Amino acid sequence: MGGVKGTDVARLGLRVTIGATMIAHGVRHGRTLDGTARWFGSIGFRQPRLQAMASAAVETGAGVALIAGAGTPVAASAVVGTLAVAARSVHVPNGFFITKEGYEYVLNLSVASVALAALGPGDLSVDRLLGIHETLSPAKRAALAAGLGLGAAALQLAAFWRAPEPEPEPALAEG
């Protein structure tokens, strides 16, 4: 007897959760583009308006693609890439825990995205409708998501980001 399998529902739940999270971030960046651009500039990005627009587009697009289950490994790589940039430029220096602006959140969302790529989008997906959901092995889908995402992040960081100089210590008054 056919029908929807529990694993397909679980994959859909993972896709919707990650995808909706990315859409929320992308829409927020797009709605506050000037503020997002100022923030990107303050954390060391050259061409901060371009970075803000790209962030809004990539986050929203990746989220929509994940929810639809369309190009799942590539959409997952966009999540990994976006969050690797965030980790390097903002979160890693603050340690692990998100309560101190650490990398806990971006790491978990990235690993979930790679796991989703490995699992595949399931039968409730555009990839399934197009017959491309199993063209690569799970290991190759995971490697594509992780490798393409990290590679794109490295290129973006190399081309557009420099760690801001630390604020100078106030001079001690002599006396």
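Residues numbered from 1 in each chain as written. Predicted model: local features only at pLDDT ≥ 70, side-chain atom pairs only at ≥ 80, totals over all residues. Heavy atoms only, no water.

K.L.:
Quick question: what am I supposed to make of the overall build of the chain here?
P.N.:
Counting its secondary structure elements, the chain contains seven helices and zero strands. Listing every helix and strand of the chain by position from the N terminus yields α-α-α-α-α-α-α. For the chain, the spread of C-alpha atoms along the principal axes amounts to about 85 × 30 × 25 Å. A buried classification covers 34% of the 175 residues belonging to the chain. About 10,000 Å² of surface is accessible on the chain, with carbon and sulfur atoms providing 67% of the total. Both charge centroids of the chain, one from 14 positive and one from 12 negative side chains, sit 9 Å from each other. (Helix = DSSP H or I, 4+ residues; strand = E, 2+ residues; numbered from the N terminus. Buried < 20%, exposed > 50% of the residue type's maximum accessible area, 1.4 Å probe, protein only. Areas by Shrake-Rupley, 256 points an atom, 1.4 Å probe, with all protein chains shown as cover. Lys, Arg positive; Asp, Glu negative; His and termini not counted. Charge placed at Lys NZ, Arg CZ, Asp CG, Glu CD.)

K.L.:
Please clarify how the packing of aromatic side chains should be interpreted in this entry.
P.N.:
The way to describe two aromatic rings as a pair is by their centre distance and the angle between their planes. Applying the stated criterion across every chain yields a total of five aromatic pairs. Taken together, a centroid distance of 5.4 Å and an interplanar angle of 85° make the contact between phenylalanine 96 and tyrosine 103 edge-to-face. Classification of phenylalanine 96 by relative accessible area gives partly exposed; the value is 32%. In textbook terms, an aromatic cluster arises when at least three aromatic residues are bridged by ring pairs, as seen for Trp39, Phe40, Phe45 and Trp161. (Phe/Tyr/Trp six-rings, centres within 6.5 Å; stacked < 30°, edge-to-face > 60°.)

K.L.:
In this structure, what is going on with the packing of helix 2 (residues 33–42) against helix 3 (residues 48–68)? I would like to understand it.
P.N.:
A pair of packed helices can be characterised by two numbers: the angle between their axes and the separation between those axes. Two numbers describe how helix 2 lies on helix 3: the axes approach to 8 Å, and their chain directions differ by 120°. With respect to each other, helix 2 and helix 3 are oriented oblique. Considering how the two elements wind past one another, helix 2 and helix 3 form a crossing that is right-handed. Facing Leu33, Asp34, Thr36, Ala37, Phe40 and Gly41 of helix 2, the residues of helix 3 in contact are Pro48, Arg49, Gln51, Ala52, Met53 and Ser55. For the contact of helix 2 with helix 3, the per-class residue count stands at six nonpolar, four polar and two charged. (Axes fitted to C-alpha atoms, helices over the stretch in contact; angles between N-to-C directions. Parallel < 35°, antiparallel > 145°, perpendicular 65-115°, else oblique. Left-handed = near helix turned anticlockwise from the far one by under 90°. Contact = heavy atoms within 4.5 Å. Nonpolar A, V, L, I, M, F, W, Y, C, P; charged D, E, K, R; others polar.)

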